[in-house]
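Tertiary structure, described
Each chain, written out:
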Amino acid sequence: MNNFFIFIILAGTFLLGVSLKPTFLIYKKTNSSQWGLLLLLIIFFIMAYWWVIYYFFTQGVDTFVASSVSLILFGGSGFVVLVTRLSLSSIIKIERVSAQQRFLAEHDVLTRLPNRNKFFRILKKQISLNNSFTLFFIDLNGFKQVNDRFGHQYGDELLSLLSQSLRQHLSGIAKVYRIGGDEFALILFSRTEKKYVNCVTAINTAISLPFSIREQKITVMLSIGVSRFPDNSQHQHELLIQADLAMYEAKRTAQQVVAYFPELGHRARELSQMSTRIEKALQDNEFELHLQPILSAFGGQLHGAEVLIRWPQKNGEFIPPNKLISVAEQTGLILPLSQWIVLNSFKQLKKLKAHGFYGFLHINLSPKDLESEEFYYFIEMLVELDPSVSKSIIFEITENAMMTNLNAARKMMSKLSQMGFKFSVDDFGTGFSSLVLLRELPIDQIKIDQSFIKNMLNEPAAYAIVESTIFLASRLNCNVVAEGIEEKKVEQALIKLNCDYVQGFFYSKALSIDCFRKRYLR
């Protein structure tokens, strides 16, 4: 028999052998009986090919028949190889796409860290196995300021670099997850004090150096809350809430790390209850506005009044305003509360003018108001209804409120100033950026904090601050209000220093609208 025909059949046999591996891999991946059957058939065909070679070699076969059979067998082998390899390639591609989808479903696109879904899945697994662990909830301080100052691209790069650093330094210690925004979580699979300290040390090492982003050096500070399983709770969502509460306590007390303690839970429940009460009070119009007069230091004529909110209770008492404002700021109700104050102040202003009031109403704004476009549009709407109202309003903003987001404060104050509103820096001197504010923002008035006024006759430093502030204000064409005056001799000292306006219990406490009108107006 012609050796060429034998060679063709041997080549076909080789091709069948080559197809064994991909067929086996497909069978292993799919665990399909059909691919298992094909694997057996390929082995059977290899044996059949050898039988054909034996038959051709021992029997005289027509050349045409031998060539036809050889080519058919070779073509069949090629077809099997093509099918198995293409099938394996398609399965591998599908597996890669599936693996990528699974990765994206459980990982954050920006930082490549496991995401919130993966975090809760691992948390649930650890709880079901009853494995003790410590949960860290981490918030990046000042992240909004980074976005506002440099742009969101800088913020994204900062999150990416921080994630890499945390993952690198916590490798083998704890698992890092991105919960969302600038919030991260760690699971430390231990409750021992030594490993806890090691974990905190690793976190501090990860942020010890400023991050370099496009020639900008950005220093990172973190607030961290901690909860433990099973000591604090045996439920995954409750553990996260506890760690979150501890993190906010760390922010509030300016600590880096706070471990959850039961009092935080009590506070959270009280906060929730108070928040519900405030919402209802806004709906039912339970709040009242009181006015504390601001007088001219020379002659005692009425210059204006500071608007103060009061929340009367059925027993005749009032919920402290600082508690009301604090809860509103923590629960996101400060904006509707500020809107209520502004709206009712504008309404009362018209009534006061009808009784001869010609001064200014001073209305306090919060940091959230300065950042809110909604608040701006609300003010714009009120001014459209009565353009004259802006000429009689001074918005009081504390130094800290302005510095919380200086860019937002500058933008908001500039737009409101164009409408005719004036601005007063409240509690001047208690922050660290007083001069920056006077340079950067449209300030018309300075209110010296009462802590300096009360102590100015007993502490030379306080007296010097008051004296310097009054002089500085006069050079900047700003008038000055001294608040918190309780004694005649303090008033006389301020008059000698040419202070413009005075305010305090020495003159009057905050009065209801009716009492204020009867006492100071026609």
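Anyway, here's the lowdown on the structure attached to this text. Every value quoted in this text rests on a predicted model; they were computed, and no experiment measured them.

Our next topic: the nonpolar core. Residues Phe 287, Ile 379 and Leu 494 are the most contacted members of the largest nonpolar core, which totals 83 residues. Counting residues per element, this core draws most heavily on helix H11 (residues 334-354), at nine residues. Aside from chain neighbours lying at most four places away, what touches Phe 287 is Ile 278, Ala 281, Leu 282, Ile 309, Arg 310, Trp 311, Leu 324, Leu 337 and Trp 340.

All right, on to the packing of H11 against helix H13 (residues 373-385) then. Look at H11 against H13: their axes get within 11 Å of each other, and the N-to-C directions meet at 15°. Here H11 lies roughly parallel to H13, going by the angle between them. Note that H11 runs across H13; the crossing there is right-handed. Across the interface between the two elements, Leu 335, Ser 338, Gln 339, Val 342, Leu 343 and Phe 346 from H11 touch Glu 374, Phe 375, Phe 378, Ile 379 and Leu 382 from H13.

A few words now on the sheet that holds strand E2 (residues 175-180). Strand pairing in a sheet is mediated by backbone hydrogen bonds. Such pairs are either parallel or antiparallel. With respect to topology, five strands assemble into an open sheet ordered E2-E3-E1-E6-E7, the strand pairing being mixed. Of all strands in the sheet, those with a lone pairing partner are E2 and strand E7 (257-259), marking the two edges. Averaged over all pairs of adjacent strands, the angle between strand axes in this sheet comes to 25°, irrespective of strand direction. Of the strand pairs in this sheet, strand E1 (residues 133-140) and strand E6 (residues 222-229) are connected by eight bridges, and their pairing is antiparallel. Note on E6: the bridge partner recorded for Ile 138 is Ile 224. Packed on one face of the sheet, helix H8 (residues 236-252) meets E1, E6 and E7 and runs near 145° to E6.

So, about the environment of Leu 113. Mapping Leu 113 onto the fold places it in the loop between helix H3 (63-106) and helix H4 (116-128). Classification of Leu 113 by relative accessible area gives buried; the value is 1%. In this structure, the C-alpha to C-alpha distance between Leu 113 and Ile 179, residues 66 residues apart in sequence, is 9.5 Å. Each residue touching Leu 113, except ones within four places of it in the same chain, is listed here: Glu 106, His 107, Asp 108, Ser 163, Arg 167, Val 176, Tyr 177, Arg 178 and Phe 184.

Attention shifts here to helix H5 (residues 143-150). When H5 is considered as a whole, its buried residues turn out to be Phe 143, Val 146 and Asn 147. Looking straight down H5, one finds its buried side chains confined to an arc of 95°; they lie on one side. Buried residues along H5 sit against E1, helix H6 (152-169) and strand E5 (216-218).

Burial analysis of strand E3 (residues 183-188) places five of its six residues in the buried class, which makes it a mostly covered element. Two elements, E1 and E3, share six bridges in a ladder whose sense is antiparallel. In the sheet register, Phe 136 faces E3, and the bridge partner there is Leu 186. In this sheet, E3 lies alongside E2 in antiparallel orientation, the contact comprising five bridges. Of the residues in E3, the one forming a bridge with Gly 180 is Glu 183.

Moving on: the packing of helix H9 (residues 262-284) against helix H10 (residues 321-331). At a minimum axis distance of 10 Å, the contact between H9 and H10 shows a crossing angle of 100°. As judged from the angle between their axes, H9 and H10 are roughly perpendicular. Across the interface between the two elements, Leu 271, Met 274, Ser 275 and Ile 278 from H9 touch Lys 323, Leu 324, Val 327, Ala 328, Gln 330 and Thr 331 from H10. Of the residues that constitute the contact of H9 with H10, the class distribution is six nonpolar, three polar and one charged.

Right, let's talk about the side chain of Asp 139 for a bit. Structurally, the position occupied by Asp 139 is in strand E1. Excluding residues within four positions of it along the chain, Asp 139 makes contact with Asp 182, Glu 183, Met 221, Leu 222, Ser 223, Met 247 and Lys 251.

Another aspect to go through is unusual backbone geometry. A cis amide bond, omega 5°, links Phe 229 with the succeeding residue Pro 230. By the element assignment, Pro 230 lies in the loop between E6 and H8. Of note, the phi angle at Asn 130 is positive, near 60°, even though the residue is not glycine. The residue Asn 130 is located in the loop between H4 and E1 in this model. Assessed through its relative accessible area of 55%, Asn 130 is described here as exposed. Even without being a glycine, Glu 215 presents a positive backbone phi close to 70°. Along the chain, Glu 215 falls in the loop between strand E4 (211-213) and E5. Exposure remark for Glu 215: the relative accessible area of 78% places this residue in the exposed category.

Rules used in this analysis
- Residues numbered from 1 in each chain as written.
- Predicted model: local features only at pLDDT ≥ 70, side-chain atom pairs only at ≥ 80, totals over all residues.
- Heavy atoms only, no water.
- Core = buried A, V, L, I, M, F, W, Y, C linked by side-chain atoms within 4.5 Å.
- Buried < 20%, exposed > 50% of the residue type's maximum accessible area, 1.4 Å probe, protein only.
- Helix = DSSP H or I, 4+ residues; strand = E, 2+ residues; numbered from the N terminus.
- Contact = heavy atoms within 4.5 Å.
- Axes fitted to C-alpha atoms, helices over the stretch in contact; angles between N-to-C directions.
- Parallel < 35°, antiparallel > 145°, perpendicular 65-115°, else oblique.
- Left-handed = near helix turned anticlockwise from the far one by under 90°.
- Pairing = 2+ DSSP bridges.
- Arc of directions from axis to C-beta.
- Nonpolar A, V, L, I, M, F, W, Y, C, P; charged D, E, K, R; others polar.

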